[in-house]
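Residue-level structural notes
Each chain is listed here by its residues.
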Amino acid sequence: MHIQSKLPKVVTTIFTVMSRLATEHNAINLGQGFPDFPMSEELVALVNEAMKNNFNQYPPMPGWMPLREAIAEKIEFLYKTKLNPDTDITITPGGTYAIYSSLTAILQPGDEVIVFEPAYDSYIPNVEINGAKAVTINLIYPGYKIDWAAVRSAINPKTKAILLNSPHNPTGSVISAEDIEQLRSIVNGSNIFIVSDEVYEHLIFNEIPHQSILRYPDLLKRSFVCFSFGKTYNCTGWKLGYCVAPAELTKEFRKVHQFNAFSCFTPTQVALTAFLKNRDAYIGLAPFMQEKKDYFKQLMGQTKFTMHESYGSYFICGSYERISDEPDRDLAIRLTKEVGVATIPVSVFYHNGKDDKVLRFCFSKKKETLDAAVERLMKI
Ligand code: PMP
Ligand code: GLN
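Summarised in this report is the structure supplied together with it. What you see as residue numbers is a count from 1 along each chain, following the sequence as written. Lettering for chains starts from A, numbering for ligands starts from 1, and both go in the order in which the items are written. Predicted model: local features are reported for residues with pLDDT of at least 70 only, side-chain atom pairs are reported and counted for 80 or more only, and whole-chain, interface and lining totals are derived from all residues. By convention in this description, side-chain values take in all heavy atoms of the structure and omit both hydrogens and water.

What to know about the overall build of the protein chain
- For helices the rule is a DSSP run of H or I covering at least 4 residues; for strands it is a run of E covering at least 2, with both sets numbered from the N terminus onward. Helix and strand content of the protein chain: 16 helices and 13 strands.
- Using C-alpha atoms as the atom set, the radius of gyration is obtained and then compared with a globule rule of 2.2 Å times the number of residues to the power 0.38. At 20 Å, the protein chain has a C-alpha radius of gyration in line with the 21 Å of a compact globule built from 380 residues.
- Expressed as lengths along the three principal axes of its C-alpha atoms, the size of the protein chain is roughly 55 × 55 × 55 Å.
- Only protein chains enter the accessibility calculation, which uses a 1.4 Å probe. A residue is then buried if its area is under 20% of the maximum for its type, exposed if over 50%, and partly exposed in between. Counting across all 380 residues of the protein chain, residues that qualify as buried make up 57%.
- Should any heavy atoms of two residues lie within 4.5 Å, those residues are considered in contact. For the protein chain, restricting intrachain contacts to residue pairs at least 6 apart in sequence, the fraction spanning at least 24 positions comes to 75%.

Shown next as structure tokens:
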């Protein structure tokens, strides 16, 4: 049997490729973004309790209502925006799914979506599977800021959406209040939607305020804002997140969701309802992770990598011009096999493979893991 591929250009995601290679070669995995330290025991206990208390059947299609209420409360506390948990919040199996469902809800064949590169690898396939076209704009190297002049010239009547991601994977850049002003001046009076990937909402350093779209009611009215509990609570394998969008947009979002996942794992939703009330657990994540970032960056000073700055996310990038001029993918593979450290080559996040000779390192790891990795990296 032959399938005419809907995604002919897509290959196995780099995260799977590098994690598999790391396992094969017994390498330290600073590639795929996941913590190697345990998540909160209290939260694990709450999930166990929920299961024992028989919260094991389907929750409502849009998600466990008390959890949506707790999310609305948190959003009001953090961003001063009041939402209706019944009509504006949908629990999803992860942030990636929320982004996919948002795009699927709005896109028609021939539509265009503005995507900034380097881009998280699910974005362009998510656009293309809907018959739409990704119009890519490079973030300005090496600070990875948005080129708003380029955005203005890319806008045309086919532009259906702008896909934003802050804090940014893979670069750790973040958007500022000035970026929000630029965005506002571009979309104001247009029919352009915003899909905002904010899965690293609580992973932002130097006390920089997170410029969530949720702060801005005029932007929120055209937006789908996507989050991930996996990132906030160090449990990426939970694959649980949510999408915030105004009622009219959520209505269409749920049409996609109800015939795909329909609903998500109940015990974690019940557990998170209680755990979300503990504000320190999410507020404390930024300083905790910043310490890891600072520690890793300073250690990497002993290697020949030139580290960039990271203002958020799990990631920091480093240039290897002083080490080699080979393509980043080749170096990443060689480092895994010969040095025993897996990383992610940043060129995979460009549709045309633009290679700035930069690797992405995940620092969301135990101190011992970071020490051991840098000790190995010092050898090259
Ligand atoms: N967006 C970005 C930028 C990410 O790095 C991730 C990480 N996995 C996701 C979305 C997806 O989150 P989830 O695992 O909850 O689907
Ligand atoms: N977001 C994680 C990363 O960027 C990986 C998620 C995945 O493997 N799909 O590394």
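As for the site of ligand 2
- Throughout, the term near means that a residue has one or more heavy atoms lying within 4 Å of the molecule or strand in question. In the neighbourhood of ligand 2, the contacting residues comprise Phe-15, Gln-32, Gly-33, Tyr-120, Asn-169, Tyr-200, Lys-231, Phe-315 and Arg-360.
- In the analysis that follows, any N or O atom pair within 3.5 Å is treated as a polar contact, provided that within protein one partner can donate a hydrogen and the other can accept it, and provided that, for residues neighboring in sequence, both atoms belong to side chains. Tyr-120 places a side-chain nitrogen or oxygen 3.3 Å from a nitrogen atom of ligand 2.
- A distance of 2.7 Å separates an oxygen atom of ligand 2 from a polar atom in the side chain of Arg-360.
- Of the residues that constitute the shell around ligand 2, the class distribution is 4 nonpolar, 3 polar and 2 charged. By the convention adopted, Pro, Cys, Tyr, Trp, Phe, Met, Ile, Leu, Val and Ala count as nonpolar, Lys, Arg, Asp and Glu as charged, and the other residues, Gly among them, as polar.

A few points about the pattern of salt bridges
- The rule for a salt bridge is simple: a side-chain nitrogen of Lys or Arg has to be within 4 Å of a carboxyl oxygen of Asp or Glu. Tallied over the entire structure, the rule returns 15 salt bridges.
- For Lys-9, the salt bridge goes to Glu-128, with nearest N and O atoms at 3.2 Å. Within this pair, whereas Lys-9 is found in the segment before helix H1 (14–24), its partner Glu-128 is found in helix H6 (residues 123–128), the two being separated by 119 residues in sequence.
- Between Asp-218 and Arg-184 there is a salt bridge, and its shortest N-O distance comes to 2.6 Å. Of this pair, Asp-218 sits in helix H9 (residues 217–220) while Arg-184 sits in helix H8 (residues 177–187), and the two are 34 residues apart along the sequence.
- Under the relative-accessibility criterion, Asp-218 is labelled partly exposed at 29%.
- In this structure, a network of salt bridges that share partners links the residues Lys-293, Asp-294, Lys-297 and Glu-309.

Focus: helix H5 (residues 95–106)
- The first and last C-alpha atoms of H5 sit 17 Å apart over 12 residues, in line with the 16 Å expected at 1.5 Å per residue.
- Counted residue by residue, H5 has 9 buried out of 12 residues, so it is predominantly covered.
- Buried within H5 we find Gly-95, Tyr-97, Ala-98, Ile-99, Ser-101, Ser-102, Leu-103, Ala-105 and Ile-106. What a helix should span is 1.5 Å times the count of its residues minus one.

What about the packing of aromatic side chains?
- Here a pair means two rings of Phe, Tyr or Trp (six-membered ring of Trp) with centres within 6.5 Å. Their orientation is stacked below 30 degrees between planes, edge-to-face above 60, and tilted elsewhere. Under the definition given, this model contains 20 aromatic pairs.
- Ring centres of Phe-116 and Trp-148 lie 6.3 Å apart, and the angle between their planes is 70°; on these two criteria the pair is classed as edge-to-face. Of the two residues, Phe-116 sits in strand S3 (residues 112–117) while Trp-148 sits in helix H7 (residues 148–154), which places them 32 residues apart along the sequence.
- Note on Trp-148: relative accessible area 7%, which makes it buried.
- Seen in terms of ring centroids, Tyr-141 and Tyr-144 are 5.7 Å apart; in terms of plane orientation they differ by 85°. Their pairing is edge-to-face.
- Among the aromatic side chains, those forming a connected cluster through ring pairs are Phe-227, Phe-229, Tyr-233, Tyr-242 and Phe-275.
- Over a ring means this: the NZ of a Lys or the CZ of an Arg is within 6 Å of the ring centre and within 35 degrees of the ring normal. One Lys or Arg, Lys-74, reaches over the ring of Tyr-282 and ends 4.4 Å from the middle of that ring.

Thoughts on the pairing of strand S13 (residues 358–362)
- Burial of S13 is extensive: 5 of the 5 residues sit out of reach of the surface.
- Burial of the side chains of S13 extends over both faces: Val-358, Arg-360 and Cys-362 are buried on one face and Leu-359 and Phe-361 on the other.
- By this definition, two strands are paired if DSSP reports at least two bridges between them. Relative to S13, strand S10 (residues 315–319) runs antiparallel, the two being bridged by 5 bridges. When the bridges of S13 are listed, Gly-318 appears paired with Leu-359.
- Sheet topology places strand S12 (residues 344–345) next to S13; 2 bridges connect them, and they run antiparallel. What sits directly across from Pro-345, in S13, is Leu-359.

Description of the site of ligand 1
- The immediate surroundings of ligand 1 are formed by 13 residues, with Thr-96, Asp-197, Tyr-200, Lys-231 and Lys-239 found nearest.
- In the model, an oxygen atom of ligand 1 is placed 2.8 Å from a nitrogen or oxygen of the Gly-95 main chain.
- We get accessible surface area from the Shrake-Rupley algorithm with a probe of 1.4 Å; when it comes to residues, only the shown protein chains can shield them. With the chains in place, 93% of the 390 Å² that ligand 1 exposes on its own is no longer accessible.

As for the pairing of strand S8 (residues 241–244)
- Side chains of S8 alternate between two faces, with Gly-241 and Cys-243 and Tyr-242 and Val-244 buried alike.
- Sheet topology note: the strand S2 (residues 89–92)/S8 ladder contains 4 bridges and is antiparallel. When the bridges of S8 are listed, Ile-89 appears paired with Val-244.

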